[in-house]
Structures are given as structure tokens and as C-alpha cells.
Amino acid sequence: MANKVVIGAQWGDEGKAKITDLLAQDADLIIRYQGGCNAGHTVVANGKTFKFHLIPSGILYKGKTCLIGNGTVVLPEYFEQEIEGLKKENIDLSGLKVSPLATITMPWHTEVDGYSEDKAQKGKIGTTKKGIGPTYTDKMARIALKIGDLYSKEALEEKLDVILPLKNKQLEKVYGLKTYSKEEVLALCEKYAKIFEPYVCFEWQELLQKFKKEGKKVLFEGAQGVMLDVDFGTYPFVTSSNPIGGGACTGSGYGPKMIDEVIGVAKAYVTRVGEGPFVTELTDEIGDTIREVGHEFGVTTGRPRRCGWFDAVTMKYACLVGGLTSIALTKIDVFDKFDEIKVCTAYKDKRSGKIYNSYPTDVYIHKYLEPVYETHSGWGQDITGIRKYEDLPENARKYLERLEEILDTPISIVSVGPDREQTIFKG
Ligand code: IMP
């Protein structure tokens, strides 16, 4: 197996976990490289459903090394909960490692996230309220705690002497929130140190070197999706990290030459949770049907997802900035009973009639855009039992081949259901 990155190519929730899980079988090292417990990855294995937020789902295979990389932000209590859940299922956690360079989400980060979302009159992002934005903000402002800091009392105290006066002023004066004493935070950190102790990997450089030298296979696991990328997504309605393929390098410790393939996972339609533009959104019965048939409710927040037709304009953009070498198309079976399936191939500005064939990055004009669709005939049969590309109904193959043509990117995997086996590897 080549070294692969699996990323979301839309607004998250594309079915990355299933694809990562499948590819993890052939990998030796799996690295989650960005995001935090805002992600919700569902894997169905051996008839059981597992929900992951932070831990790479590759942990379900024995003998794999799973690293939570430096690019992630970790909420200790959530990490602990996830660990406990996996222990209950007797999952072997001996291969689980956490980078000491990963950033800790402290209680004030979730409090500020919650405050900003609940109190925002304008500009609400619709975040998962897991403290993601505030944690990355502090990371970039160089006032965050890293997991490694928990094991050096001197470093921790020194850092807190800088962080806390600043943070407390901000919490009190800007947000009117509770402040923190140094003793209180030190006690919290002691608790966190115990949570991470069995997993923190101070030898991560040696580990990465060893895997590289021995030519072991690496799978980089992205979270969220290209359209939620802080640089390339529908800013400001994005997450605060880089889910694009390039994020795999800054979030793991490996350079670009370690990556052979970038697989972008996309649904045969589009969903989005939270606020932000969504040109192909369907607020009618068709949207409701997609939501019901596709079970489009958030894993992390339970929120109903906004649904719409496949948007080839944003997808083409995602192929470019995400660095995709191929696409894994999921949930195509949701259309089994549809007579017609639409694909958006361009946008039209309602004001001027101007046609956009490429994705306009100025998201403030998106409210004036309407989709230009092409319509495909459905296939009118249950395809969830099909395992070979040639066995797919002709209309389904035509649909897939048309997508490849528009996107100028091959579809390497087609998923026809949630189980590992319900997958077609297209040559
Ligand atoms: P945050 O990542 O919690 O800051 O949320 C920022 C935006 O990203 C919101 O619109 C969230 O709904 C969205 N988001 C974050 N994580 C996920 C995910 O795993 N799937 C889908 N959307 C997500």
C-alpha cells in the first residue's frame, strides 16, 4: 500500500471513518492530524457500531500504531471517555499514542466557545461548542498548553504565569466568565497528566523515523472537510484547522514526500451542519427524504444536517485545494429509490445572470447564487448488495463516470452501505 491521506472533500460527515477503517487494514501507522472532538466518526465493524471523536478508528485492528498528532487539539475529559468506551469493548489500546505537541483544550476554551455561540447576535458559526476555535486561537497566539507541558512542573508553572493573567482578564472583562486560580489549573493539569500518561509519546521522532526507514505504510486521517478548512473553506463558517491534504504534514511531523495519494471522501449528495453558505441546499421534501434515508443527523451534536444535491462546482475546487488524487464516493445507495438525481455543474448569479463555472471564494455573494443542474435518471433498484463495479446498474455507472468527467478526478472507491463489506473498489 502507498502512504495515503483520507480527507473529507465537502463539509464533513462524508463517511471518512468507514474509508479510513477500510484502508487502515493495510496500514502500519495511522495518524490523526487535525481537529479535535468536534469530529464524529462512525465505524460499523463486526456488527457493532463504534463512534470515534479523536482516536483513530484504526485502533479496532490489532497491531497497528495509532498516533494523535501534533496538529490536533485534545479535550482531556472527552479523550478519557473515549478510552473508557473502547476498554469496555475490550479493544486493545497498546498501539495508541498521543503527541506531546498536541494542544490541550482547557475548560475556558469550551466556555468561550459556548458563550460566543449562545450570545452571538450576528456572525454565529454554529460550532460544535467543543472549544475548537478558542484552543487553536490560543495555539496561534502562543498561549496554549501542550500535552508535553503536563509532565514538567517547571515549564507548566512558567507558562501558567504568562497565560493565566492574560486569560483571566479576557474571561472576566470580555466574556464575563469565571476566572481561574493557578492552584486550580495545576490541580486540573495533574488530573490531565494521569489521563494521558499511558499514551503520551515523547519518542515520537524515533517512532516516525523508524516507520519511515522500514518503509512501513502510513495512513493520515483527516477530520471535517475541505470546505471547512480555515484557509480554503467558506470562511468564516469553517473550523479552525486545515483538513486539506496539506494539513497532514503540518499535523503529523512527516513531510510531503511521505504522501503518495490523497483520497477525498464525498457523499453522492451534500450535507452541512452549522451556519454558512450552501448553494445546492434543498429545503423541500427532497431534502427531507435525503435526510431520512441517509440518516443525516450529527454524531457529535445530534443536529439534523442540511441536505442538498451534489455540488460539482465546490467539489472541483476541493479536488484542487485538497490535493485529491482520487475520490471515494459514499452513500450512493441513498438514491436507490430516486427517479431523478441532480448534479450542480455551475452557479448562476440571480442578479446579473453571470455564470460561475469555478467556485467563487467570496462567500458573501453565495446568497445570490443559484445552482445550474444537470439531471440524471435513477437506477430504481437496491444496490446495497453489489460488490463489483460491473454489477452496478447502467445508470449508476453512467452517473459515476459523468462525475469523474466533470471533476477530472477518478473515483477509486464507491460505498453502497455502512458496513465494511459494502464497498466497491473501482480499478
Ligand atoms: P467547530 O469545529 O466546532 O469550531 O465548528 C465550526 C464549523 O465546523 C461548524 O459549522 C461545525 O458544524 C463544523 N464542523 C466541525 N466539525 C465537524 C464535523 O466533524 N463534521 C461536520 N461539520 C463539522
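Residues numbered from 1 in each chain as written. Predicted model: local features only at pLDDT ≥ 70, side-chain atom pairs only at ≥ 80, totals over all residues. Heavy atoms only, no water.

1. Focus on the overall build of the chain
Defined as follows: In DSSP terms, a helix is any run of H or I states spanning at least four residues, a strand is any run of E spanning at least two, and both are numbered starting from the N terminus. With the radius of gyration taken over C-alpha atoms, the globule rule is written as 2.2 Å times the number of residues to the power 0.38. Exposed residues in this analysis have more than 50% of their type's maximum accessible area, buried residues have under 20%, and partly exposed residues fall in between, with area computed by a 1.4 Å probe over protein chains only. Whether two residues are in contact is decided by their heavy atoms, any of which lying within 4.5 Å being enough. Accessible surface is estimated by sampling points in the Shrake-Rupley manner with a 1.4 Å probe; for residues, cover comes only from the protein chains shown. Positive charges are assigned to Lys and Arg, negative charges to Asp and Glu, while His and the chain termini are left out of the count. For charged residues, the charge sits on one atom: NZ in Lys, CZ in Arg, CG in Asp, CD in Glu.
Of regular secondary structure, the chain possesses 11 helices and 18 strands. Its C-alpha atoms give the chain a radius of gyration of 22 Å, near enough to 22 Å, the size a compact globule of 427 residues would have. Oriented by its inertia axes, the alpha-carbon framework of the chain measures out at about 65 × 50 × 40 Å. Taking all 427 residues of the chain together, the buried fraction comes to 58%. Pairs at least 24 residues apart make up 74% of the contacts formed inside the chain by residues separated by at least 6 positions. Accessible surface, the chain: about 18,400 Å² in total, of which carbon and sulfur atoms supply 50%. In the chain, 56 positive and 60 negative side-chain charges are present, and the distance between their average locations comes to 2 Å.

2. Things to note about the site of the ligand
What counts, and what does not: Throughout, near means a residue has at least one heavy atom within 4 Å of the molecule or strand. Side-chain atoms alone can form a polar contact between residues adjacent in sequence; in general such a contact is a pair of N or O atoms within 3.5 Å, and within protein one must be able to donate a hydrogen while the other accepts it. Note on residue classes: Ala, Val, Leu, Ile, Met, Phe, Trp, Tyr, Cys and Pro are nonpolar, Asp, Glu, Lys and Arg are charged, and everything else, Gly too, is polar.
Around the ligand lies a shell of 18 residues, among which Asp13, Asn38, Thr128, Thr239 and Arg303 are the nearest. In the environment of the ligand, a nitrogen atom lies 3.0 Å from a nitrogen or oxygen atom belonging to the side chain of Asp13. Considering the ligand on its own, with 470 Å² of exposed area, one finds that the protein chains cover 97% of that surface. Counted by class, the shell around the ligand contains seven nonpolar, nine polar and two charged residues.

3. Quick notes on the packing of helix H5 (residues 153-175) against helix H6 (residues 182-196)
The following threshold applies: Here the axes come from fitting lines to C-alpha atoms, over the contacting stretch only for helices, and the angles between their N-to-C directions go from 0 to 180 degrees. Orientation labels follow simple angle bins: below 35 degrees gives roughly parallel, above 145 gives roughly antiparallel, 65 to 115 gives roughly perpendicular, and whatever is left gives oblique. Note on convention: the crossing is left-handed when the near helix lies turned anticlockwise from the far helix by less than a right angle, right-handed when the turn is clockwise.
Between H5 and H6, the least distance of the axes is 11 Å, while the angle of their chain directions is 130°. It follows that H5 is oblique to H6 by the angle criterion. Between H5 and H6 the crossing geometry is right-handed. In contact with Leu156, Glu157, Leu160, Asp161 and Leu164 of H5, H6 contributes Lys182, Val185, Leu186 and Cys189.

4. Some points on the pairing of strand S10 (residues 261-267)
We count it as follows: When DSSP locates at least two bridges between a pair of strands, those strands are taken to pair.
For S10, the buried fraction is high: six of the seven residues fall into the buried class. Across five bridges, strand S1 (residues 4-8) lies against S10 in parallel orientation. Within the sheet, the bridge partner assigned to Val6 lies in S10 and is Ile263. Bridge count for S10 against strand S13 (residues 326-330) is five bridges, and the pairing is parallel.

5. Some words on the domain arrangement of the chain
One frequently used descriptor of interface size is the decrease in accessible area upon assembly of the parts. Applied cut-off: Here the bounds of each domain stem from an automatic or database domain assignment. Defined in terms of a 1.4 Å probe, buried area is the accessible area two parts forfeit on being brought together, summed over both. Salt bridges are defined by distance alone: a side-chain nitrogen of Lys or Arg within 4 Å of a carboxyl oxygen of Asp or Glu.
Assigned domains of the chain: these are domain 1 (4-102 + 200-263), domain 2 (105-196) and domain 3 (267-425). Computed from C-alpha atoms alone, the centre-to-centre distance between domain 1 and domain 2 is 23 Å. On the side of domain 2, 20 residues touch domain 1, which itself brings 29 residues to the contact. The contact between domain 1 and domain 2 buries some 2,000 Å² in all, and 68% of this surface belongs to carbon and sulfur atoms. Where domain 1 meets domain 2, there are one salt bridge. Across the salt bridge formed by Glu77 and Lys191, the nearest N and O atoms sit 3.8 Å from each other. In this structure, the connection of domain 1 to domain 2 is made through nine residue pairs in polar contact (both at pLDDT 80 or more). Sorting the residues of the side of domain 1 that touches domain 2 by element identifies strand S6 (73-74) and helix H2 (76-88) as the ones contributing at least two each. If you tally residues by element for the side of domain 1 that touches domain 2, the top one is H2, at five residues.

6. Considerations on the packing of helix H3 (residues 107-119) against helix H4 (residues 132-140)
In a packed pair of helices, the relevant descriptors are the angle between the two axes and the axis-to-axis distance. Look at H3 against H4: their axes get within 7 Å of each other, and the N-to-C directions meet at 125°. Taken together, the axis directions place H3 and H4 in an arrangement best described as oblique. The interaxial crossing formed by H3 with H4 has right-handed handedness. Packed against H3, whose contacting residues are Trp108, His109, Val112 and Asp113, the element H4 presents Ile132, Pro134, Thr135 and Asp138 at the interface. Among the residues making up the contact of H3 with H4, the classes are represented as four nonpolar, two polar and two charged.

7. What about the nonpolar core?
What counts, and what does not: In plain words, nonpolar cores are sets of buried Ala, Val, Leu, Ile, Met, Phe, Trp, Tyr and Cys residues tied together by side-chain atoms within 4.5 Å.
Of all hydrophobic cores here, the largest spans 72 residues; its most connected members are Phe310, Leu329, Phe335 and Tyr399. In terms of residue count, the dominant contributor to this core is helix H10 (residues 312-322) (seven residues). Looking at which domains feed residues into this core, each of domain 1 (4-102 + 200-263) and domain 3 (267-425) supplies at least three. Setting aside chain neighbours within four positions, we find Leu329 in contact with Ala266, Lys267, Ala268, Phe310, Tyr399, Leu400, Leu403, Ile411, Ile413, Val414 and Ser415.

8. Description of the pairing of S13
The buried fraction of S13 is high, at five of five residues. Residues Ser326, Ala328 and Thr330 line one face of S13 and the alternating positions Ile327 and Leu329 line the opposite face, and both faces are buried. The sheet contact formed by S13 and strand S17 (residues 411-415) spans three bridges and is parallel. Bridge pairing in S17 links Ala328 to Ile413.

9. Some remarks on the sheet that holds S13
Read across the sheet, nine strands follow the order S7-S5-S2-S9-S1-S10-S13-S17-S18 without closing on themselves; strand pairing throughout is mixed. Pairing within the sheet leaves two strands with one partner each, and these edge strands are strand S7 (96-98) and strand S18 (423-425). Neighbouring strand axes in the sheet, compared pairwise and without regard to direction, differ in orientation by 20° on average.

10. Here's the deal with H2
Operational definition: Expected span of a helix: the number of residues minus one, times 1.5 Å. Think of the arc as the fan of directions from the helix axis to the C-beta atoms.
Helix length check: H2, at 13 residues, gives a terminal C-alpha distance of 18 Å against a target of 18 Å (1.5 Å per residue), a fit within 8%. Among the residues of H2, those classed as buried are Pro76, Phe79, Glu82, Ile83 and Leu86. The arc enclosing the buried residues of H2, seen along the axis, measures out at 125°, which places them on a common side. The outward face of H2, more than 90 degrees from its buried face, is lined by the exposed residues Gln81 and Lys88. Contacts from the buried residues of H2 go to strand S4 (48-52), strand S5 (65-68), S6, S7, strand S8 (103-104) and H6. Just downstream of H2 lies Asn90, where phi reads positive at about 60°.

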